[in-house]
Amino acid sequence: MKFLYDDESFSFEALRAAGYAAYGGADLGEVLVTCRQIPEGDEEAWSVRWAATAARIERIGRDALAAGHRVSAREALLRASNYYRTADFYRRENPAADAESARLAEASQQTFADAAALLDTPARALRIPYEDTTLPAYLFLVDESGTPRPTLLYHGGYDSTLEENYLALAAGALRRGYNVLAFDGPGQGSTVREQGLHFRPDWEAVVTPAVDFALTLPEVDPERLTLVGTSLGGCLAARAAAFEHRIAACVLHDGTWDFHEAVAALASRAASMPGGIEALMAQNTTARWVVRNGRWTFGVSGIDELVRATEAYTMAGIADYITCPTLVLDAENDQFFKGQPQRLFDELTCQKELISFREDEGAGEHCHEGALALFHQRTFDWLDTVLAD
C-alpha cells in the first residue's frame, strides 16, 4: 500500500507512525506536515524533520503537564515518543557512535515513561532478571485491583522498542481486560544500545525467565498467560513456545518460518549485481536499513557475517514441538516474509488458526501497519475464545 512515498521503506515507516493514531500515538495532520517536508529517500531529512515534530509536540506535553492538564500532557508525550522513535529509525550506519541517535532514543524512552505515568492506571517500569543482568519491561494493568487477569507476555522484533509495544498491542489489550507484560529482549531497544546484548536464536532462554517473572506477579493469571511476538518476533516467539510450555496460547504477528532465508535472499540478490551489497545498499533504502540494523543488533560486521549469524533462526524441525493453541497471522503484501506464515502454519501440529489480512481491506502490509483496529479485533476475539475453553 503506497502511503505518501514511492520509496517502499519510507512509505511503510510513515504508515507505521501514522497508524498509531488509533491509540493516541500520532495525529494524522502532524504526520502529513512532517512527511511533506521530507524528500523521497532522504534519510537525513527524515531524521531532522521527525525530530523537530517530536520536540514541538513534547513542548506541548511539558507545558500541559506544568499547567496540570494530565490528559493533554499524556497524549502529547505519547505522540512525541512515537515521533522520536521514527526520527531515529534510519540512523543505523553506526548507532554506537551516533550521538543524535542516542539522544533520540533516550527522548523516546523518557517521553513515553512520562506518558506511562499519566495513564489512568499508571504503567510500572520493571526489570526482568536475565542471566547476569536484567531486561527492561513495563507492566500495563487494566486497573489497580490486583485481580489476576489473562496476561500477554509481549516482545517485538528486528527493530521494535519497548515503548512502541504499548501502541502496537498493549493499548488494545487493556481495553479488552488483558494485562500486558511487555519487554525488550537481547538485540531490541535499549538492550543493544545500553547493555550490548545481541539477538540470540534460542529465544526460550529469554522467554523462560520472563515467564518465571510474570508468574510472581499477583495480577497475572498463571493459567491464561499468552506469548505474543511481532515481526521477527513471530519467529522468536514460535521458537520459545516450542520449548516453554507454561504459556496457554501463542500469537505470531506475523508467522515467520525462517529468518535466515530472508537474509540469504538479500545477500544473493546483492551478489548478482555489479558492485554487490554496497551497490544494492546505495540504491535501495530497505536493503541498506536491513544490513545496517543487522550489523548492530546481531553484533556482526557485514552481510556475510549476518547471513551466517541468522542460520539458526528457523522453525524447521521444531514447529511440531509447540503444544499450545497458536494463532498465525499473515499479510498479503508482506515485503519481508511473504509466504512464510503459511509454511509455519502447515508444520504446526497443535490447535491452530491462520488469519490472512488482505490489501483490499487496508491490512495487507507487514504486520498490518495502518490497520491496528482490525488486527486487534481478530487477535483478541480469537484469544477470548481460546482462553475461555
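None of the values given here were measured: they were computed from a predicted structure.

Student: Just checking my understanding: could you explain the packing of aromatic side chains for this structure?
Tutor: Two aromatic rings, taken as a pair, are described by how far apart their centres are and by the angle between their planes. By the definition in use, this model includes 28 aromatic pairs. Considering the side-chain rings of Phe12 and Phe336, the 6.5 Å spacing of their centres and the 80° angle between planes classify their relative orientation as edge-to-face. Here Phe12, found in helix α1 (residues 8-19), pairs with Phe336, found in the loop between β7 (326-331) and α14 (340-347); they are 324 residues apart in sequence, far enough to count as distant. By relative accessible area, which is 5% here, Phe12 ends up buried. Residue classification places Phe336 among the partly exposed residues on the basis of a relative accessible area of 27%. Ring centres 5.2 Å apart and planes at 75° place the aromatic pair Phe112 and Tyr138 in the edge-to-face group. You can see Phe112 sitting in helix α5 (residues 99-116) and its partner Tyr138 sitting in strand β2 (residues 133-140), a full 26 residues away along the chain. Look at Phe112 and you get buried, because its relative accessible area is 2%. The ring of Phe357 has Arg378 lying over it, and the distance from NZ or CZ to the ring centre is 4.8 Å.

Student: Please clarify how the UniProt feature "domain: AB hydrolase-1" (unreviewed entry) in the chain should be interpreted in this entry.
Tutor: Taking the UniProt record as the reference, the feature "domain: AB hydrolase-1" (unreviewed entry) is found at residues 155-367. Helix makes up 43% of residues 155-367 and strand 16%, whereas the separation of the span's terminal C-alpha atoms amounts to 14 Å.

Student: Which parts of the structure should I look at to understand the environment of Tyr84?
Tutor: Tracing the sequence through the fold places Tyr84 in helix α4 (residues 70-88). Sequence-wise, Tyr84 and Thr111 are 27 residues apart; in three dimensions their C-alpha atoms are separated by 9.0 Å. Side-chain polar atoms of Tyr84 contact the side chain of Glu58, separated by 2.6 Å.

The rules behind the values
- Residues numbered from 1 in each chain as written.
- Predicted model: local features only at pLDDT ≥ 70, side-chain atom pairs only at ≥ 80, totals over all residues.
- Heavy atoms only, no water.
- Phe/Tyr/Trp six-rings, centres within 6.5 Å; stacked < 30°, edge-to-face > 60°.
- Helix = DSSP H or I, 4+ residues; strand = E, 2+ residues; numbered from the N terminus.
- Buried < 20%, exposed > 50% of the residue type's maximum accessible area, 1.4 Å probe, protein only.
- Lys NZ or Arg CZ within 6 Å of the ring centre and 35° of its normal.
- UniProt positions renumbered as here; feature names shortened; annotations may be inferred.
- Polar contact = N/O pair within 3.5 Å; in protein donor to acceptor, adjacent residues only side chain to side chain.

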